[in-house]
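Next come the chains, spelled out residue by residue.
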Amino acid sequence: MTATQPVSVIEPDGTTQGHDPGLSDEGLLHAYRTMLTVRAFDDTCMKLQRAGRIGFSIPNKGIEATQVGAASALRRTDWLFPSYRDFGMALYHGVEPVEMMHNMYGNARDTSKGRQMPVHFSFLDPIHFYSISSPIGTHLPHAVGAAYAMKVRGEDKVALVSFGDGGTSSLGFHSGMNFAGVWKVPVVFLCQNNGWAISCPSEAQTASDGYAVKAMAYGMPGVTVDGNDLLAVRQVVSEAVERARAGEGPTLIEARTFRMGGHSTSDDPTRYVPAELLAEWEERDPVARFERYLEARGLWKPEDRDRLYAEAAAKVNAAAKEAEGVGPPALESIFTDVYADVPAHLRRQGQATFDLARRKGDAAAGDGEFPL
Amino acid sequence: MPTLTLVQAVNDALKTAMRNDDSVVVFGEDVGPKGGVFLATEGLTSEFGEQRCFDTPLSEDGIVGTAVGMAMNGLRPVAEIQFQDFIFPAFDQIVSEAAKLRYRSGGQYTAPMVVRTPYGGGIRGGLYHSQSGEAYFCHTPGLKVVIPSTPADAKGLLIASIEDPDPVLFLEPKALYRAVKAEVPEGHYTTPLSTLRTVRKGTDVTVFCYGAMVPVCEKAAEQAAASGTECAIVDLRTLLPLDEEGVLEAAKQTGRVVVVHEAPRFCGFGAEISALIAENAIEYMEAPIARVTGFDTPFPNTLEHHYMPDHRRVLDAIEHVAAY
Ligand SMILES: Cc1ncc(C[n+]2csc(CCOP(=O)(O)OP(=O)(O)O)c2C)c(N)n1
Ligand SMILES: [Mg+2]
């Protein structure tokens, strides 16, 4: 029932054992371009954060194949319950970089109205990309509840919930898995084991042999997959999605990968990530792995990389420029959406704020830096 | 005397307590080799070893729950919750277990432990890295709630909390972690819990505050003084059990009171101070009590500086009660 040997598809030289990816050539290139866009987004955000233009970002280097491979197994009518490190899932399904940049700047066009930190995206279109909450693990039961609703409403939909190795220690992981098992709902649990929870290595997170084995205790299949192999991730997530659609219940997938950057733009991983370990994983870079696959299929040549990366970077940079030109949200936005209607006490608090700004000038922005 | 930031003083307090008492252990997420995301526990694992300062799995419920067990069996746990915003999985362990253990066992079992956690806004942390949740915990009999605002108090109050026989929630104002350096006595000392600190003397208006709002109130008081209104500023330091005598005395001295906190207004700590004064010293009051607080909304990100009380808002309230 549970396989701890990771499933893989793409050999180190880029060939496969006659694997059918279930994607057209254009589909494969879209997956590749999405990974490059994630990299470009990372690089741009790092620069913007260093230059003080945005406060914070989350690097994705190393985990692009997991994100994109998993997203590619979903239809746009399915629902994603992402973690904050799932940029590629949104991009794959057609969220425009500029929409993400509005959130990075917390501006007036951010779908969260500038209320959330950067990388806490929320989208309804073109796919349900559920509003991200910072507290780890809280979204797993939400995915299970949404999947329960899909089941009772007779919808042909699946919920995929993504979380980290650290997330498996949360209360939400255990109650989410338990309820999903008991209710047999159409949900796929994707544990992205990227080796770290900030500075805590995965071995300090659990005494079990990986994370997929935890599925057994909750009465569902557990599968381990090579998270740096886009096609392997796509395959195992597709199988889990099919099971879910067929009414056969949930699956836990552990994607083994590695966070090649810091936890965030404020983190210095050289303080705790052994250099040899990082070097070992750099050898297994998921983008390079997929390039070798595309090359073996005659879809890619080494000179394509710089050109396609430059195209992606140009789009991301233009997005940043556009987002930077949009002003902050209106002051009123502090008081709306707390409830469906603004209650009297909040109207009073808002009015007092506007009055004070007229009499005493605006509040001054602080210069506090985000620490992690 | 060395000069330290508030977070360095916390670090100094932990080292001092650990050197003094082998039973003190420090744990939480990323507190080990990394030294904590704010570096409050830097150097502890290397000095005291992995048995006394260590990382845990990512579970606040597990962190605080195991602390209760350690505390009842002879250790002095100091658990770190990375951000106060992430304490809620441990709410049950704090409120139902740590705080009630002495009472429910008739004093047979106790939980002398500290939960340290950074709270408050000002780092562009949005909804979940900015909250001030003290009011939830002040509604919990059996728990002590302590909030320092200076480096020297951070050290003295933290050591006192670690040595206290009861569970203490120690809320650290992250906006002040590196805001100033100030003199901090070397070695072991304690600052008694449940005693307020007079930050500034003044005869016209009394301003009650704590944590990150203390320097905001000081700035407002300076501006008020420039136009002839002298404010007393009181740093409450321990919210539970509160120095009620001290609060009433300070309120009576001016008869004009402003209470300031960053947390939302409704059922906030300011309501307790206002009620205490209204019940016991209303005849001394020359003006209605004014509260300056965060709004009754979640904590925003881009507009956080509008949400957090600043010297303008405090000064406006001071002027209002002074002129009443
Ligand atoms: C309940 C909770 N506790 C602590 C944190 C602080 N925190 C943010 S990310 C993180 C590590 C998460 O690790 P993992 O789940 O493996 O995800 P990754 O960052 O590796 O993608 C921690 C401890 C949090 N956000 N929520
Ligand atoms: Mg991780």
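Along each chain, the written sequence defines residue order, and numbers are assigned to residues from 1. Whichever chain is written first becomes A and whichever ligand is written first becomes 1, with later ones labelled in order. Local features are withheld for residues below a pLDDT of 70 in this predicted model, meaning they are given only at 70 or higher, and side-chain atom pairs are given and counted only at 80 or more; totals for whole chains, interfaces and linings count all residues. As a rule here, side-chain values cover all heavy atoms of the structure and leave hydrogens and water aside.

Observations regarding the overall build of chain B
1) Next: Helices and strands together make up the secondary structure of chain B, namely 12 helices and 14 strands.
2) Next: With C-alpha atoms as the basis for the radius of gyration, the globule rule is written as 2.2 Å multiplied by the number of residues raised to the power 0.38. Taking 20 Å as the expected radius of gyration for a compact globule of 324 residues, we find that chain B reaches 19 Å, a close match to that expectation.
3) Next: Expressed as lengths along the three principal axes of its C-alpha atoms, the size of chain B is roughly 60 × 40 × 40 Å.
4) Next: Relative accessibility thresholds used throughout: buried, under 20% of the residue-type maximum; exposed, over 50%; partly exposed, between the two (1.4 Å probe, protein chains only). By the burial criterion, 63% of the 324 residues in chain B qualify as buried.
5) Next: Residue-level accessible areas treat just the shown protein chains as cover; the underlying method is Shrake-Rupley with a 1.4 Å probe. Total accessible area on chain B is roughly 11700 Å²; 51% of this is exposed by carbon and sulfur atoms. In DSSP terms, a helix is any run of H or I states spanning at least four residues, a strand is any run of E spanning at least two, and both are numbered starting from the N terminus.

Structural notes on the overall build of chain A
1) Next: Looking only at helices and strands, one finds 12 helices and 9 strands in chain A.
2) Next: The C-alpha atoms of chain A give 21 Å as radius of gyration, which agrees with the globular expectation for 372 residues (21 Å, within 12%).
3) Next: The dimensions of chain A, computed from C-alpha atoms along their principal axes, are 75 × 50 × 40 Å.
4) Next: Counting all 372 residues of chain A, 57% fall into the buried class.
5) Next: Any pair of residues with heavy atoms lying within 4.5 Å of one another is described as a contacting pair. Considering only residue pairs separated by 6 or more positions, chain A has 76% of its internal contacts joining residues 24 or more positions apart.
6) Next: By element, 53% of the accessible surface of chain A is carried by carbon and sulfur atoms, the whole surface being about 15100 Å².

Structural notes on the sheet that holds strand β9 (residues 197–200) of chain B
Residues and elements named next belong to chain B.
1) Next: Within the open sheet, the 5 strands sit side by side as β9-β11-β10-β13-β14. Their pairing is mixed. Every interior strand has two partners, whereas the edge strands, β9 and β14 (290–294), have only one. The sheet shows a mean angle of 25 degrees between the axes of neighbouring strands, direction not considered.
2) Next: Pairing of strand β10 (residues 205–209) with strand β13 (residues 257–264) involves 3 bridges; the strand directions are parallel. Among the inter-strand pairings, threonine 206 is bridged to a residue of β13, identified as valine 257. A strand pair is defined by DSSP finding two or more bridges across the two strands. Angles run from 0 to 180 degrees between N-to-C directions of axes, and those axes are lines fitted to C-alpha atoms, restricted for helices to the stretch in contact.

Some details on helix α1 (residues 6–20) of chain B
1) Next: Each helix should span, by expectation, one fewer than its residue count multiplied by 1.5 Å. Counted at 1.5 Å a residue, the expected span for α1(B) with its 15 residues is 21 Å, and the 21 Å between its end C-alpha atoms agrees.
2) Next: For α1(B), the tally of buried residues reaches 12 of 15 residues, placing the bulk of the element in the interior.

Comments concerning the domain arrangement of chain B
Residue and element names in this part refer to chain B.
1) Next: Source of the domain bounds: an automatic or database domain assignment. Along its sequence, chain B is organised into domain 1 (3–183) and domain 2 (197–323).
2) Next: Taking only C-alpha atoms into account, the centre of domain 1 sits 26 Å from that of domain 2.
3) Next: Contact residues are listed per partner, giving 29 residues for domain 1 and 25 residues for domain 2.
4) Next: Accessible surface is computed with a 1.4 Å probe, and the buried area is the amount of it that two parts give up when combined, taken over both parts together. Across the domain 1/domain 2 interface, buried area totals approximately 1900 Å², and carbon plus sulfur atoms make up 59% of it.
5) Next: A pairing counts as a salt bridge when a side-chain nitrogen of Lys or Arg comes within 4 Å of a carboxyl oxygen of Asp or Glu. Our count for the domain 1 to domain 2 interface comes out at 2 salt bridges.
6) Next: Of the charged contacts in the structure, one is a salt bridge between aspartate 153 and arginine 237, with a shortest N-O distance of 3.1 Å.
7) Next: At the level of elements, α6 (134–138), β6 (144–146) and α7 (151–163) are the ones that each hand at least two residues to the side of domain 1 that touches domain 2.

Some remarks on the domain arrangement of chain A
1) Next: Taken domain by domain, chain A consists of domain 1 (25–324) and domain 2 (331–365).
2) Next: Put simply, the middle of domain 1 of chain A and the middle of domain 2 of chain A, counted by C-alpha atoms, are 36 Å apart.

Topic: the site of ligand 1
1) Next: Whether a residue is near a molecule or strand depends on its heavy atoms: it is near if one of them lies within 4 Å of it. Taken together, 19 residues surround ligand 1, and among them Tyr84(A), Arg85(A), Asp165(A), Trp196(A) and Glu60(B) come closest.
2) Next: Surrounding ligand 1 are residues belonging to chains A and B, so the site spans chains.
3) Next: Contact between ligand 1 and Tyr84(A): an oxygen atom at 2.6 Å from a side-chain N or O atom of the residue.
4) Next: We call two N or O atoms a polar contact when they sit within 3.5 Å, provided that within protein one can donate a hydrogen and the other can accept it, with sequence-adjacent residues counted only if both atoms are side-chain atoms. Separating an oxygen atom of ligand 1 from a side-chain N or O atom of Asp165(A) is a distance of 2.7 Å.
5) Next: Here ligand 1 has 580 Å² of accessible area as a free molecule, and 95% of this is covered by the chains.

Section: the nonpolar core
1) Next: Put simply, buried Ala, Val, Leu, Ile, Met, Phe, Trp, Tyr and Cys residues joined by side-chain atoms within 4.5 Å make one nonpolar core. If you look at the biggest cluster of nonpolar residues, it comprises 158 residues, and the most contacted ones within it are Met101(A), Phe290(A), Phe208(B), Leu236(B) and Ile277(B).
2) Next: The leading source of residues in this core is helix α1 (residues 25–50) of chain A, at 11 residues.
3) Next: Beyond its immediate sequence surroundings of up to four residues, Phe208(B) is in contact with Val234(B), Leu236(B), Val247(B), Ala250(B), Ala251(B), Val257(B), Val258(B), Val259(B), Val260(B), Ile273(B) and Ile277(B).

Details of the coordination of the magnesium ion (ligand 2)
Residue and element names in this part refer to chain A.
1) Next: Nitrogen, oxygen and sulfur within 2.8 Å of a metal are treated as its donors, or within 3.2 Å for sodium, potassium and calcium (Na, K, Ca); water is not counted, so a site can appear incomplete. The protein atoms donating to the magnesium ion (ligand 2) are Asp165 (OD), Asn194 (OD1) and Trp196 (O), with metal-donor distances spanning 2.0 to 2.1 Å.
2) Next: Between the donor residues of the magnesium ion (ligand 2), the gaps in sequence give the motif D-x28-N-x1-W. Here the residue aspartate 165 occupies a position in the loop between β4 (159–164) and α6 (171–183), and asparagine 194 occupies one in the loop between β5 (187–193) and β6 (196–197), the gap between them amounting to 29 residues.
3) Next: By relative accessible area, asparagine 194 is classed as buried at 7%.

What about unusual backbone geometry?
For residues besides glycine, phi is generally negative; the peptide bonds are generally trans as well.
Residue and element names in this part refer to chain A.
1) Next: Between aspartate 125 and proline 126 the backbone carries a cis peptide bond, its omega angle lying at 0 degrees.
2) Next: Mapped onto the secondary structure, proline 126 falls in the loop between α4 (97–105) and β3 (128–129).
3) Next: The backbone of aspartate 337 sits at a positive phi, close to 65 degrees, despite the residue not being glycine.
4) Next: Tracing the sequence through the fold places aspartate 337 in the loop between α11 (302–325) and α12 (344–360).
5) Next: We classify aspartate 337 as partly exposed; its relative accessible area is 47%.

Describing the sheet that holds strand β5 (residues 114–119) of chain B
All names here are of chain B.
1) Next: As summarised here, the arrangement of the 7 strands in space is β3-β2-β4-β5-β7-β6-β12, forming an open sheet in which the pairing is mixed. Only two strands of the sheet have a single partner each, and these edge strands are β3 (53–55) and β12 (238–240). When the angles between neighbouring strand axes are averaged without regard to direction, this sheet yields 20 degrees.
2) Next: In this sheet, strand β4 (residues 76–80) lies alongside strand β2 (residues 24–28) in parallel orientation, the contact comprising 5 bridges. For glycine 28, the partnering residue across the bridge sits in β4 and is glutamate 80.
3) Next: On the sheet, α7 packs against β2, β4, β5, β6 and β7 (168–173) and is oriented at approximately 160 degrees with respect to β7.

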